[in-house]
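Each chain, written out:
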Amino acid sequence: MSGSMSSMAINNDKKNNTPENLVEIRNLRTWYPIRRGVLARTVGQVKAVDHVSFAIKKGETLGLVGESGCGKTTLGRTLVGLEQAQAGEILFQGRNILSMESKERQEIRRRMQMIFQDPLSSLNPRMLVRDIVTEGMRAFGMIRENQAEETAMALLGEVGMSKESLTRYPHEFSGGQCQRISIARAVSMRPDFMVLDEAVSALDVSVQAQVLNLLMDLQDKYGLTYLFISHNLSVVSHIADHVAVMYLGKMVEYGKVADVIESPVHPYTQALISAVPVPGKRTERIILQGETPSAANPPDGCPFHPRCPECQTICRTTVPRLEQADDRLFSCHMRSQHL
Amino acid sequence: MTDLLLDIKNLTVNFTTDDGIIQAVTDLSFSVRRGETVALVGESGAGKSVSAMSIPRLVPSPPARVENGEIRFKGRDLLALDIKDMRAIRGNEIGVIFQDPTTALSPLHRIGWQLKEAINAHRQMDDKEAQALAESWLGKVRIPDAKQRMNAYPFQLSGGMQQRVMIAMALLNEPDLIIADEPTTALDVTLQAQVFEIIREMKRNESAMLLITHDMGVVYDICDRVLVMYASELVEEGTTDDVFTNPAHPYTLGLLKSIPSLGRGRSERLDSIKGQVPSPFNYPKGCRFNDRCPKAFDRCVREKPGFVSVADGHRAACFLLEGKGEKS
C-alpha cells in the first residue's frame, strides 16, 4: 500500500488545527409508513431512525454500532441521500443538504461516497473494472474518455491492485479484491466524507485487516472523514475516534471509543460490550434475555426496558432524554443525574 | 485411551468439478475425547466445514469423494458403514447444529412436527410422550410459550429463536458428539452470547463438541482445544491457551495478529497477512502457506513440512520448528 510517508505529514497537519464539524445531523428521522388495505392508508410507522443527532469532525471516524434492525444502515443511507428523511437536518460543512436545490445537491453527492457490505453485488457484473472505477468521474466530467485507462490504473494502484485487473470483470476477484475496487470507485470522486456500511464484515480476518489498513491509509492521505457502520465492536474500536451506539432507531450512547468500550454507561452498551468474545480475556457476560423488539411496534418508555436488567417503573412509561456528562452522551433513567 | 470418541486418520476429500479437482481436505488427522469442546478454525475455503460434515457423511457425493482415510467414531469406521447404520447414528449419536437455521429447518412443517420427527427417527415413543419431550426441549432452550410455539412454522420465529429450535433438535437425542457449524454467525452478538450459554448448559459432560468457527474470540471463550486449518490442511493443533499464547505456525500467528483488539481506541495498522488464500484448484507446492509466509525460505517451496510437537498436545507443521521439538 502506497503513500504512508506523505500520509504522516497530512495527519500531523490535521491534528494541529482544531477541526470543524464536516457532517452534523440534527434530530434526523427516517420513518417508513406501514400501509394497509385497498386505500393504502397509513396505519403506523417503522421508526428506523428516530430523532438522532451527532456530529463528525473533519478527518475523524465515527463508528456507528448496534445490532440488526437498529437503524444504523438506514441512517447511513439517509446521510448520502439513498433514503428520504422525514424530518431533521443533515448539515454538510454547516449547510443543510436536505433543503438544497438539486443542482447544489449534485455536487454534495460527489463529495459523499458510500461503500456497501456485499462487495460483489455492489459492482456491476457486466462492466469491466476499468469502467467501474472511472464511471463516476466520467459522469461528472472529471476526466476525458481517453484518460480513463491511465486514471483507472492510478486508482487501482492506490488500493493495492495490479494493472492486469483493468480488463477483468468483478466475478474474477475475491471478496477482498472486490471491496478494494469499490473503495477505488468511491475514492475516484475525491470525496470528503465516506459512509462505510459493514465494509469489512463479509471478509475473512486476514483480508479484513488488509482492507482496514487500506482505509486508514487513505483517510490519512486524503484527510477523509468516515462514518463507519458495523456490528463488530472490535473493528469499530480499532478504526474509530468516537462511537455512537444505536438501539431500536435511537442513539443510546455516544462518546470517545476508548471511554465507551472501557466504561460503558448505558446498560445496553454494557451488555453489548460484555457479549463480545475477546481472545485472551475470559469475562463474565451480561446475558440479555429476549430479543430486540420490532421497530414497527416499539415498547413504551425506554426502548430497551423489556430486556434491561435494571428496569424500573419510570423506564416503562417515560422515554429517557439524551443527557451529557463530560463528553459522553447517554439516555438512561437509571444513570440520569436529574432524578 | 478409553475416553477417545472420535479419531480421524489421514482424511482426504476431493471435489470433482467441470473446472478440475478441488482439494477440500488433505491428509487430516485429529481426535476428540469425551467431554472436550474442540474448535476447528480457519478462513473461508480452508476446508473446515467439509472436514466436519464428512464425519456424519453429510457432504454430497458426488461431487465429493473421500480419497483416503478413516473416521473412527466410538471405535467404528463411519466410512465403512452402510447407509442404514449411518442413519441410525446421525441425529442420534452425532447431532449437527447448522449455520443457517432458515435453510436447515423445513419451511413447510410446524416446529413441533419437526422436533417429533427427530425423536421418532431414533426412539420408540407414542405421540404424547414425543410431544412432551419436544416441548420440554423448547423450554430448555428458553423459547417462551413452548406449548404454543410447537404449532408455529419457522418463518413465524426470529432468527435467534430458529437457531434455538435447531439446537433443541440436535440435542434432544442426547448425542455423544455435537457438531456445530458456525452456529452463531448469522446472529447478533447479544444473541450469540445467549446461544452459547444454552449450548454450554445443554452439553452433557460425557459428550464432546466440535465447533467450527472463524471467530477467535469465541474459540478462546468456550473451547478446550483448537485445530487450525489453512488451505485444506491442518497446520496447528493444541490447547486453547497454548495456541493463543504460543502460536507455533506462522499462519496462526498472522491470524491472531490480524484481529483488531477491543477497546484500545484508534490504533496503529494491523499486522495483516499479505496476499490471499490460494485457489483450491492449484495449491502451492511444498508448504501451502509459502507464498504468504513472511518467514518462508527455499525449502518451504520444495518440501511439505511435517508436524513437530512443541509441547504436550501442541503440534504444528512448519520447518522453522525443527530442532525446537520432536517430530510427530
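Residues numbered from 1 in each chain as written. Chains lettered and ligands numbered in written order. Predicted model: local features only at pLDDT ≥ 70, side-chain atom pairs only at ≥ 80, totals over all residues.

A.B. asks: What is the right way to look at the overall build of chain B in this model?
C.D. replies: When its secondary structure is counted, chain B shows 12 helices and 13 strands. Computed over C-alpha atoms, the radius of gyration of chain B comes to 21 Å, within 12% of the 20 Å expected from 2.2 N^0.38 for 328 residues, which places it in the range of a compact globule. Taken over the C-alpha atoms alone, chain B extends approximately 65 × 55 × 45 Å along its principal axes. Classification of the 328 residues of chain B by burial places 48% in the buried group. (Helix = DSSP H or I, 4+ residues; strand = E, 2+ residues; numbered from the N terminus. Rg over C-alpha atoms; globule rule 2.2 N^0.38 Å. Buried ≥ 20, exposed ≤ 12 C-beta atoms within 10 Å, placed from the backbone.)

A.B. asks: Got a minute to help me understand the interface of chain A and chain B in this structure?
C.D. replies: Accessible area lost when the parts come together is the quantity often used to give the size of an interface. Residue-level contacts link 40 residues of chain A with 38 residues of chain B. Mapped onto the side of chain A that touches chain B, the elements with two or more residues apiece are α7 (205-222), α8 (233-239), α9 (257-262) and α10 (267-274) of chain A. Here the element with the most residues in the side of chain A that touches chain B is α7(A); it accounts for nine residues. Split by residue class, the side of chain A that touches chain B holds 21 nonpolar, 12 polar and seven charged. (Contact = placed C-beta atoms within 7 Å. Nonpolar A, V, L, I, M, F, W, Y, C, P; charged D, E, K, R; others polar.)

A.B. asks: When you look at the packing of helix α4 (residues 129-139) of chain A against helix α5 (residues 148-158) of chain A in this model, what are you seeing that I'm missing?
C.D. replies: Describing two packed helices takes the angle between their axes plus the distance from one axis to the other. Residues and elements named next belong to chain A. Contact pair α4 / α5: the axes reach a minimum separation of 9 Å and the direction vectors enclose 110 degrees. By the angle between their axes, α4 is roughly perpendicular relative to α5. Every residue of α5 that contacts α4 at Arg130, Val133, Thr134, Met137 and Arg138 is listed here: Ala148, Glu149, Thr151, Ala152, Leu155 and Leu156. Considered class by class, the residues forming the contact of α4 with α5 number six nonpolar, two polar and three charged. (Axes fitted to C-alpha atoms, helices over the stretch in contact; angles between N-to-C directions. Parallel < 35°, antiparallel > 145°, perpendicular 65-115°, else oblique.)

A.B. asks: What is the right way to look at the pairing of strand β9 (residues 225-230) of chain B in this model?
C.D. replies: The side chains of a regular strand alternate between the sheet's two faces. All names here are of chain B. In terms of residue burial, β9 counts as a mostly covered element, since six of its six residues are buried. Across four bridges, strand β3 (residues 37-41) lies against β9 in parallel orientation. Pairing of alanine 39 across the sheet is with valine 226, part of β9. Direction of pairing for β9 relative to strand β10 (residues 233-239): antiparallel, over a ladder of six bridges. Along β10, the bridge assignment pairs methionine 229 with leucine 234. (Pairing = 2+ DSSP bridges.)

A.B. asks: So what exactly am I meant to see when it comes to the sheet that holds strand β2 (residues 20-33) of chain B here?
C.D. replies: Hydrogen bonds between backbone atoms are what pair the strands of a sheet, whose relative direction is either parallel or antiparallel. All names here are of chain B. Spatially, four strands are ordered β2-β1-β4-β5 in an open sheet, and the strand pairing comes out antiparallel. Only two strands of the sheet have a single partner each, and these edge strands are β2 and β5 (76-77). Strand direction decides the pairing type here: strand β4 (residues 64-73) and β5, joined by two bridges, are antiparallel. What sits directly across from arginine 72, in β5, is aspartate 77.

A.B. asks: Where do I start with helix α5 (residues 127-140) of chain B in this structure?
C.D. replies: Counting along an α-helix, one turn takes 3.6 residues, and residues three or four places apart therefore face a common direction. Residues and elements named next belong to chain B. End to end, α5 covers 20 Å across 14 residues, agreeing with the expected 20 Å (1.5 Å per residue, within 8%). Taken together, the buried positions of α5 are occupied by Ala130, Ala134, Trp137 and Leu138. Projected down its long axis, α5 shows its buried positions confined to an angular sector of 105 degrees, all on one face. Exposed positions of α5 whose direction lies more than 90 degrees from the buried face are Lys128, Ala132 and Ser136. Among the structural elements, α4 (111-120), α6 (146-149) and α7 (159-171) are those in contact with the buried residues of α5. (Expected span 1.5 Å × (residues − 1). Arc of directions from axis to C-beta.)

A.B. asks: It is not clear to me how unusual backbone geometry should be interpreted in this structure. Could you clarify?
C.D. replies: One can expect most non-glycine residues to show negative phi and most peptide bonds to be in trans. Along the chain, B:Ser61 connects to B:Pro62 via a cis peptide bond; the corresponding omega equals -10 degrees. Among the structural elements, B:Pro62 can be located in the loop between α1 (48-53) and β4. A cis amide bond links B:Pro62 with the next residue in sequence, B:Pro63, at an omega value of 5 degrees. Note that B:Pro63 resides in the loop between α1 and β4. Backbone geometry at A:Ala40 places phi at a positive 50 degrees, although glycine is not the residue there. Positionally, A:Ala40 belongs in the loop between β1 (21-36) and β2 (41-57).

A.B. asks: Looking at this structure, how should I read the confidence of the model for chain A?
C.D. replies: Any residue range with low pLDDT should be treated as having predicted coordinates unsuitable for detailed reading. With 94% of its residues at a pLDDT of at least 70, chain A reaches an overall mean of 87. Here residues 1-17 of chain A is modelled with pLDDT under 50, and outside its nearest four sequence neighbours on either side it reaches 20 contacts, counting other chains as well. (pLDDT = per-residue confidence, 0-100.)

A.B. asks: So what exactly am I meant to see when it comes to the packing of α7(B) against helix α8 (residues 189-202) of chain B here?
C.D. replies: All names here are of chain B. The geometry of α7 relative to α8 is characterised by a closest axis approach of 11 Å and an angle of 15 degrees between their N-to-C directions. Considered as vectors, α7 and α8 are oriented roughly parallel to each other. Of the two elements, α7 crosses α8, and the hand of that crossing is right-handed. Facing α7, whose interface residues are Gly160, Gln163, Arg164, Ile167 and Leu171, α8 presents Leu191, Val195, Ile198, Ile199 and Met202. (Left-handed = near helix turned anticlockwise from the far one by under 90°.)

A.B. asks: Even after reading the chapter, I still don't get α5(A), so can you show me in this structure?
C.D. replies: Residue and element names in this part refer to chain A. If you check which residues of α5 are buried, you get Ala152, Leu155, Leu156 and Glu158. The buried side chains of α5 occupy one side of the element, clustering within an arc of 150 degrees when seen end-on. Against the buried residues of α5 lie α4 and α6 (175-188). With its phi angle positive at about 80 degrees, glycine 160 sits one or two positions after the end of α5.

A.B. asks: How should I be thinking about the confidence of the model for chain B in this particular structure?
C.D. replies: Predicted confidence across chain B gives a mean pLDDT of 89, with 98% of residues reaching 70 or more. For this predicted complex, the interface score ipTM comes out at 0.78, alongside a pTM of 0.84.

A.B. asks: Teacher, can you tell me more about the sheet that holds strand β6 (residues 112-115) of chain A here?
C.D. replies: All names here are of chain A. The strand order across the open sheet formed by eight strands is β6-β7-β8-β3-β9-β10-β12-β11, and the pairing between neighbours is mixed. Two strands bound the open sheet, and with one partner strand each, they are β6 and β11 (323-325). Adjacent strand axes in the sheet meet at a mean angle of 20 degrees, parallel and antiparallel pairs treated alike. In this structure, β6 lies alongside strand β7 (residues 193-197), joined through four bridges in parallel fashion. Residue methionine 114 lies in a different strand from β7, and its bridge partner there is valine 195. Contacts between helix α2 (residues 72-79) and the sheet are confined to β3 (61-65), β6, β7, β8 (225-230) and β9 (242-247), with β8 contributing the most and set at about 150 degrees to the helix.

A.B. asks: Can you walk me through the environment of B:Asp298 in this structure?
C.D. replies: Residue and element names in this part refer to chain B. As for its placement among the helices and strands, aspartate 298 is situated in helix α12 (residues 298-302). Take aspartate 298: there are 9 C-beta atoms within 10 Å of it, and that puts it in the exposed class. When the C-alpha positions of aspartate 298 and glycine 286 are compared, they lie 9.7 Å apart, and in sequence the two are 12 residues distant.

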